[in-house]
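So you can see what is in the structure, the chains are spelled out below.
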Amino acid sequence: MAFRWKLLEKRLTFELRSQCNGNPICCNRAGTFFSSWSSENPNPSSHIDPCLCAGCVDTEQIDENEHGYARVEEMDLKKFGLLSSCGNTSDEHRKTCNFGDADEDKESEEGEGESDNDHDIGVLNMASTNKPQRQTFRIVGGDEDESRHPLVKEVCRLISLRSSWNPKLENELRHLLRSLKPRHVCAVLRVQNDERNALKFFYWADRQWRYRHDLIVYYAMLEVLSKTKLYDGAQRVLRLMLRRGIELQPQAFVYVMISHSRAGNMVKAMQVLFLMQKAGVEPDLSICNAAIYVLVKGNRLEKALRFLNRMRVIGIERSVVTFNCLIKGYCDLHRIDDAVSLIDEMPFEGCSPDKVSYYTVMGFLCKEKRIKEVRELMGKMLKDGKLLPDQVTYNTLIHMLTKHGHSDDAVVFLKEAEERGFLVDKVGYSAIINSFCQEGRIDRAKELLGEMITKGCSPDVVTYSAVVHGFCRVGEVDEAKKLMQVMNRQGCKPNTISYTALLNGLCRSGKSSEAREMMNLSEEEWWTPNCITYSVVMHGLRREGKLSEACDVVKEMIRKGFQPTAVEINLVIQSLCRESRVNDAKNFMEECLHKGCAVNAVNFSTVIHGFCQRGDVDAALSLLDDMYLSDRCPDTVTYTTIINALAKKGRIEDAIELTKKMLHKGLVPSPITYRSIICRFCEQSRVEDLLKLLEKMLSRKDCRTVYNQVIEKLCSLGNLDEAYKLLGKVLRTASRFDASTCHMLMESYMSKGIPLLSYKVGCRMFDRNLIPDLKLCEKVCKRLMLEGKSDEANKLMLRFVERGCISPQHQSKIC
């Protein structure tokens, strides 16, 4: 009977498990996880103090049962209420906090907003000082050794074949998964170059039959995600842990908080504290340190200080990491005195400052070149902190000073370190030498290089490459060549960086052909050019007008697997077009396009502009069609170039149709578009067509001065009748731009010998509350008097008297 009951229980578990595959938290319903894999790596640039990320799982408390069938079956039965009478505390916990409810979390985040309140600090009230300290987990170490395990290597190999994935490979991976220990799974997650691949593998493995992740796997996954900006994935893993009834430690929330912080979401990072509160997890020192770090990184130092005070009230012991975060915050705000005061207060808080505390302040002082205060702080470190300045101290100061270009001060500390018996390694020397080279002080760099060799500190390829680059920066290419020969004699083989620096110097000295020959001999010299090497030589040949050779370099670059950027392609195209080699430019661009290079709309527009300058508008229109065929959308600049060329050729109807097409595509005319159309249509005396087209363009984007431009262009062409007809459109706004346009029209009438029309323009300006130029109107009045039209002259001057611009005596003098 017991045997039959056991079979029935396993069958029921199988049926329930098949229904559980639709769980949106832990998996997707169908398809293999490899189908949506991406090889793109976010490569986060931010760095978190490793002290904040100390891992936590004690492997002795973890059951390393290979499959964990009993645990999985029990969890699935409890999930469907079949073991409700067993008193499952984890279910009650889930019902209480509703942690997996995405909508509730969203409402909570929206309710918080970005206000600078202290509600999140109130989470610390959960901490109980009367309870004994909870035992924390610690993730097992030795991942470097585990990554060499044959099973781990084979799993990683199968994962790397995601581009050619098939069911056979998936079955093989599924078979290997059942043989992996939890620590092996952790190693697989950690060795992935793309953290998103690790997350995909984590979800895929979680969907497999008769397998469930062990506790350390969840924490390893969170630790991997904490080094990226993938905060959504980290938060999903956290929710999955709670749904599975896995006991959460504050370290899990630390990982999620750090991931939010790397992505720049300071507010959401602090809202992790609310999630921790809902999960019933008491805060500890690790989560407090993470919170303070996030606040400091988000420039919320005052709130970080209030957080620290709350820690003091509830009895959470502060660590040196806590104070170091605050010291960093003070330094970021240039509050050095407060940072030093905090170092003084640390012993009274039961926490002595370490060298990092002092190095943080020293780093800011080095940046400001406040060397005297650096030395005072070194004395304070020895006197108060009982911390002896050692080799690490001097190396740190040397690197800080050279980073900010204070090479002379770095040399002083180097000498002082050597006098005290400390050995400054080649890295420190290289940093100073590189700083001198960056400043153009190549003689000082050579002198220091000689001292380095004399003292028995052999320079490496980095040191020599820095000096080679320095010689090339100041134009001493021959000296750079000699130094390369010295490198070979010293047994230090120049690398790609060394040769690239030398080739750059040759190209800037007008010796691009020599640089090209040297690059061709790279295989004989046992070095391999990279994409920067090819770009350097290509730009050098282009600057010297050797465009055919430059194109050959780009083609060779593509054959070697390097992709030139759109900017580099455009520079070659521009150079070819300047020499009227537009067909060559087009062929070069098309070849780059067929090779899969990043050819964009700007490259097409450059070639189109070349055809238009040559007067070959049909070729430009053909290339415009090719843009759509190659899925490159032309922009306003592209259309404006062709429209201007069409109108210049007298093909007004084609220009109108192309403009309508541009508007139909949703492109907004630019000021250059308006100027080009106005200029060309006015030259062809197609004013009516111009006005109709402008109305369509203005419906897309308003241009307040468009009619001003039309009148001014007509005046310059002598078409004053058409200009006068448009005067009403200009005087609608009555701005200073309109006054300038009216003055131009008045002067045009005066130059034509028609002062009466100038008088009418001036009167219309007065009617629109625009005061015309007095000197110009005086000229108009004098011309009117000469023609016997004194009444008009008196009326015009009377307008100025009424406005209070001139006195009646001045009017009588003029008239």
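About the thresholds
- Residues numbered from 1 in each chain as written.
- Predicted model: local features only at pLDDT ≥ 70, side-chain atom pairs only at ≥ 80, totals over all residues.
- Heavy atoms only, no water.
- Helix = DSSP H or I, 4+ residues; strand = E, 2+ residues; numbered from the N terminus.
- Buried < 20%, exposed > 50% of the residue type's maximum accessible area, 1.4 Å probe, protein only.
- Contact = heavy atoms within 4.5 Å.
- Phe/Tyr/Trp six-rings, centres within 6.5 Å; stacked < 30°, edge-to-face > 60°.
- Expected span 1.5 Å × (residues − 1).
- Arc of directions from axis to C-beta.
- Polar contact = N/O pair within 3.5 Å; in protein donor to acceptor, adjacent residues only side chain to side chain.
- Salt bridge = Lys/Arg side-chain N within 4 Å of Asp/Glu carboxyl O.
- Core = buried A, V, L, I, M, F, W, Y, C linked by side-chain atoms within 4.5 Å.
- Axes fitted to C-alpha atoms, helices over the stretch in contact; angles between N-to-C directions.
- Parallel < 35°, antiparallel > 145°, perpendicular 65-115°, else oblique.
- Left-handed = near helix turned anticlockwise from the far one by under 90°.
- Nonpolar A, V, L, I, M, F, W, Y, C, P; charged D, E, K, R; others polar.
- pLDDT = per-residue confidence, 0-100.
- Disulfide = S-S within 2.5 Å.

Draft legend 1. Local environment of the overall build of the protein chain. The secondary structure content of the protein chain amounts to 45 helices and 0 strands. The buried share of the protein chain, taken over its 815 residues, is 49%. Of the contacts made within the protein chain by residues no fewer than 6 positions apart, 68% connect residues no fewer than 24 positions apart.

Draft legend 2. Structural detail: the packing of aromatic side chains. Scanning the model with the defined rule gives 8 aromatic pairs in all. Seen from their ring centres, Phe 202 and Tyr 218 are 5.6 Å apart, and the 80 degrees between their planes marks the pair as edge-to-face. Taken as a pair, Phe 202 in helix α9 (residues 195-206) and Tyr 218 in helix α10 (residues 215-225) lie far apart in primary sequence, 16 residues in all. Its relative accessible area of 1% is what places Tyr 218 among the buried residues. Ring geometry for Phe 766 versus Phe 800: centroids 5.1 Å apart, planes at 85 degrees, classification edge-to-face.

Draft legend 3. Helix α33 (residues 617-629), seen in detail. With 13 residues, α33 extends 19 Å between its outermost C-alpha atoms, agreeing within 8% with the 18 Å of an ideal straight helix rising 1.5 Å per residue. Along α33, the residues that are buried comprise Val 617, Ala 619, Ala 620, Leu 623, Leu 624 and Met 627. Buried residues along α33 cover an arc of 155 degrees about the axis, so they all sit on one side. Of the residues flanking the end of α33, it is Asp 631, one or two places downstream, whose phi is positive at about 60 degrees.

Draft legend 4. Quick look at helix α42 (residues 755-767). Its 13 residues give α42 an end-to-end C-alpha distance of 19 Å, which sits within 8% of 18 Å, the value for a rise of 1.5 Å per residue. Turning to α42, its buried residues are Pro 755, Ser 758, Tyr 759, Val 761, Gly 762, Cys 763, Met 765 and Phe 766. On its buried face, α42 sits against α39 (720-725), α40 (727-730), α41 (736-751), α43 (774-786) and α44 (790-803).

Draft legend 5. Local environment of unusual backbone geometry. Positive phi, close to 60 degrees, is recorded for Asn 299, a residue that is not glycine. Residue position: Asn 299 is located in the loop between α14 (285-297) and α15 (301-314). In this structure Asn 299 comes out as exposed when scored by relative accessible area, which is 58%. Phi is positive for Trp 526, close to 60 degrees, though the residue is something other than glycine. For Trp 526, the location among the structural elements is in the loop between α27 (512-520) and α28 (531-543). In this structure Trp 526 comes out as exposed when scored by relative accessible area, which is 73%.

Draft legend 6. Up close: the side chain of His 213. Within the fold, His 213 resides in the loop between α9 and α10. Among the residues examined, His 213 registers a relative accessible area of 1% and is labelled buried. At a separation of 2.8 Å, a polar atom in the side chain of His 213 contacts the main-chain carbonyl oxygen of Phe 202. For His 213, the side chain forms a polar contact with the side chain of Tyr 211, separated by 3.0 Å.

Draft legend 7. Structural context of the pattern of salt bridges. As enumerated under the stated definition, the model contains 39 salt bridges in all. The partner of Arg 196 in a salt bridge is Asp 194, with the nearest N and O atoms 3.4 Å apart. Its salt-bridge partner being Lys 481, residue Glu 514 comes within 2.4 Å of it at the nearest N-O pair. On the criterion of sequence distance, the pair formed by Glu 514 in helix α27 and Lys 481 in helix α25 (residues 477-489) is long-range, its members being 33 residues apart. Judged by relative accessible area, Glu 514 falls into the partly exposed class, the value being 28%.

Draft legend 8. Summary view of the environment of Leu 342. Mapping Leu 342 onto the fold places it in helix α17 (residues 336-345). On a C-alpha basis, the gap between Leu 342 and Ser 357 in space is 9.6 Å, while along the polypeptide they are 15 residues apart. Apart from residues lying up to four places away in sequence, Leu 342 is in contact with Phe 323, Leu 326, Ile 327 and Tyr 330.

Draft legend 9. Broad picture of the side chain of Ser 605. The topology assignment puts Ser 605 in helix α32 (residues 601-614). According to the relative accessible area criterion, Ser 605 is buried, its value standing at 11%. Filtering out sequence-adjacent residues up to four positions away, Ser 605 remains in contact with Asp 635 and Thr 638.

Draft legend 10. Summary view of the nonpolar core. Counting residues in each nonpolar core, the largest one holds 239 residues, and the members touching the most others are Phe 201, Val 237, Phe 253 and Phe 307. Per-element tally for this core: the top contributor is α10, with 10 residues.

Draft legend 11. Structural context of the packing of α27 against α28. Close contact between α27 and α28 brings their axes to 9 Å; oriented N to C, the two are set at 150 degrees. Put simply, α27 runs roughly antiparallel to α28. Along this stretch, α27 crosses α28, giving a crossing that reads as left-handed. Side by side, α27 and α28 meet where Ser 512, Ser 513, Ala 515, Arg 516 and Met 519 of the first sit next to Thr 533, Tyr 534, Val 537, Gly 540 and Leu 541 of the second. When the residues that make up the contact of α27 with α28 are grouped by side-chain class, the tally is 5 nonpolar, 4 polar and 1 charged.

Draft legend 12. Region of the structure containing the packing of helix α18 (residues 355-367) against helix α19 (residues 371-383). It is at 9 Å that the axes of α18 and α19 come closest, and there the two elements cross at 170 degrees. When the axis of α18 is compared with that of α19, the two are roughly antiparallel. Where α18 abuts α19, its residues Lys 355, Tyr 358, Val 361, Met 362, Leu 365 and Cys 366 lie against Glu 373, Val 374, Leu 377, Met 378, Lys 380 and Met 381. Along the lines of polarity and charge, the residues of the contact of α18 with α19 split into 9 nonpolar, no polar and 3 charged.

Draft legend 13. Structural view of the confidence of the model for the protein chain. Residues with a pLDDT of 70 or more make up 81% of the protein chain, whose mean pLDDT is 79. Contacts for the low-pLDDT stretch residues 129-142, under 50 throughout, to residues beyond four places or in other chains number 38 contacts.

Draft legend 14. Main features of the state of the cysteines. All chains considered together, the criterion is met by 0 disulfides. Free of any disulfide, Cys 679 has its nearest neighbouring cysteine sulfur in Cys 682, separated by 7.7 Å.

Draft legend 15. View of the environment of Asp 332. The residue Asp 332 is located in helix α16 (residues 320-332) in this model. The class for Asp 332 is partly exposed, based on a relative accessible area of 39%. For Asp 332 and Val 361, which are 29 residues apart along the polypeptide, the C-alpha to C-alpha distance reads 9.8 Å.

Draft legend 16. Local environment of the environment of Ile 656. Topologically, Ile 656 is positioned in helix α35 (residues 652-664). A residue is classified by how much of its surface remains accessible, and Ile 656, at 9% relative accessible area, is buried. As for Ile 656 and Lys 692, which are separated by 36 residues in sequence, their C-alpha atoms are 9.8 Å apart.

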